[in-house]
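Chain and residue survey
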Amino acid sequence: MPEQLTLYGHKIELALIEANAPHKAYQVKLLDKPEWFVNKVNPAGKVPAVTYGGPDVDPEDPSPLSAKIAESIVILEFLADLYPDSGLLPKDPVLRANVRFFIDATTKHFHDPFYAFVRGCEPYEYFLKGIEFIQGLLEEGKDFAVGDHYTIADACISPYLTRLKVIIETDLGQYPVGMGYKLGDELKGHKFAKFMKYVERMLERPSLKQTHDQESLIMFFKTYLAERVQ
Ligand SMILES: N[C@@H](CCC(=O)N[C@@H](CS)C(=O)NCC(=O)O)C(=O)O
C-alpha cells in the first residue's frame with residue numbers, strides 16, 4: 001500500500017491522477033521560494049519534487065523521515081514503480097523501452113527546440129523538425145504515445161503541448177512577430193495531422209483539464225517569455 005505522497009509543483013500531477021494515486025499537491029511560489037523547500041525538500045530549489053512516506057504532515061513542514069525525490073522524469077518512473085498495475089509503464093519490455101525512448105525524444109526533440117524557438121534562438125522550422133520526429137514515433141490509429149494505454153510518455157510531453165497551444169494561439173514568445181501564428185498554420189496542414197490529433201486527444205484528457213490553467217500559463221508567457229529580443 002503506497003504511503004503518503006506530496007507533490008511540490010503540479011507539472012506531473014496528471015500522472016498521479018491517471019494512476020488514481022492519493023496525493024497532496026502543493027504549489028511552490030518559484031519567485032518567492034520558501035527556505036524550507038530548499039532546505040527540506042529539494043536543495044536544487046526546483047519543482048517538481050515529491051516527498052514519499054514518513055508521517056502525514058503539513059506540506060510546509062516536511063518530515064525528515066520521508067524520501068525526497070526530484071527531477072520530473074525520475075518522479076514519473078517512481079510513480080510507475082509505485083503503481084505497477086496503473087499502466088503508467090507497460091509490462092512488456094519492448095513497450096517499456098519505447099516509453100523511455102519517447103521520453104528521451106521529448107527532451108531532445110520537443111522541449112529543447114521549443115524553448116530555443118520561444119527564446120528567439122532558433123527559427124520555427126527548427127522546432128518543426130523536432131515535432132516531425134515526435135510525430136514519427138506516433139503509431140497510426142493509436143490514441144497514445146506508446147501502446148494502447150496512457151503512460152508516463154504521455155504525461156511527460158503533455159505539459160509542453162499546453163505551451164505549444166499558447167504560442168500558436170497567442171504569438172507570445174521572443175521570436176519575431178507572427179512566427180508563433182506561422183508555426184500554427186504549418187501545424188494545421190496535412191503533414192502534421194497525426195501529431196495534431198494526438199495533441200487534441202491529450203489536451204482533452206480530464207487529468208490534464210483538472211491540472212492545467214491556460215490563463216496562468218498565458219500570464220507566465222506574458223511576464224517572462226514575451227519581450228522580443230530583436
Ligand atoms: N530537469 C528538471 C527541471 C526542473 C525545472 O527547471 N523546474 C523549474 C520550473 S518548470 C523551476 O523549478 N524553476 C525554479 C528555479 O529554477 O528557481 C525537471 O525535469 O524536473
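Residues numbered from 1 in each chain as written. Predicted model: local features only at pLDDT ≥ 70, side-chain atom pairs only at ≥ 80, totals over all residues. Heavy atoms only, no water.

1. Digging into the pattern of salt bridges
One pass over the structure, following the stated rule, counts 12 salt bridges. Arginine 100 is the partner of glutamate 77 in a salt bridge, and the nearest nitrogen-oxygen pair spans 2.9 Å. Of this pair, glutamate 77 sits in helix H3 (residues 72–82) while arginine 100 sits in helix H4 (residues 93–118); the two residues are 23 residues apart in sequence, bridging distant segments of the chain. Note on arginine 100: relative accessible area 36%, which makes it partly exposed. Close ionic contact of glutamate 169 with lysine 165 constitutes a salt bridge, the shortest N to O distance being 3.0 Å. With a gap of 4 residues between them, glutamate 169 and lysine 165 both fall in helix H6 (residues 152–170), about one helical turn apart. (Salt bridge = Lys/Arg side-chain N within 4 Å of Asp/Glu carboxyl O. Helix = DSSP H or I, 4+ residues; strand = E, 2+ residues; numbered from the N terminus. Buried < 20%, exposed > 50% of the residue type's maximum accessible area, 1.4 Å probe, protein only.)

2. Description of the layout of surface pockets
Put simply, the largest pocket is a space of about 1,400 Å³. Around the largest pocket sit 38 residues that line it, and Lys11, Leu30, Val47, Arg163 and Phe220 are the ones nearest its centre. Secondary structure elements with two or more residues in the lining of the largest pocket: H3, H4, H6, helix H9 (206–211) and helix H10 (214–225). Considering each element in turn, the lining of the largest pocket owes the most residues, 7 residues, to H10. A class-by-class count of the residues in the lining of the largest pocket yields 18 nonpolar, 13 polar and 7 charged. (1 Å grid on protein atoms, 1.4 Å probe; cavity = no way out; pocket = protein on both sides within 12 Å on 5 of 7 lines; lining within 4 Å. Points joined across faces, edges and corners; volume = space filled by probe spheres on them. Nonpolar A, V, L, I, M, F, W, Y, C, P; charged D, E, K, R; others polar.)

3. Considerations on the domain arrangement of the protein
Domains assigned within the protein are domain 1 (5–82) and domain 2 (93–225). A straight line from the C-alpha centre of domain 1 to that of domain 2 covers 24 Å. In this assembly, 12 residues from domain 1 lie in contact with 16 residues from domain 2. Here domain 1 packs against domain 2, burying approximately 1,300 Å² in sum over the two surfaces, 65% of which is carbon and sulfur. Area buried by domain 1 at its contact with domain 2 is led by Lys11, Leu14 and Glu18, which between them contribute 42% of it. Remark: the boundary between domain 1 and domain 2 carries 2 salt bridges. (Domains from an automatic or database assignment. Contact = heavy atoms within 4.5 Å. Buried area = accessible area lost by both parts, 1.4 Å probe.)

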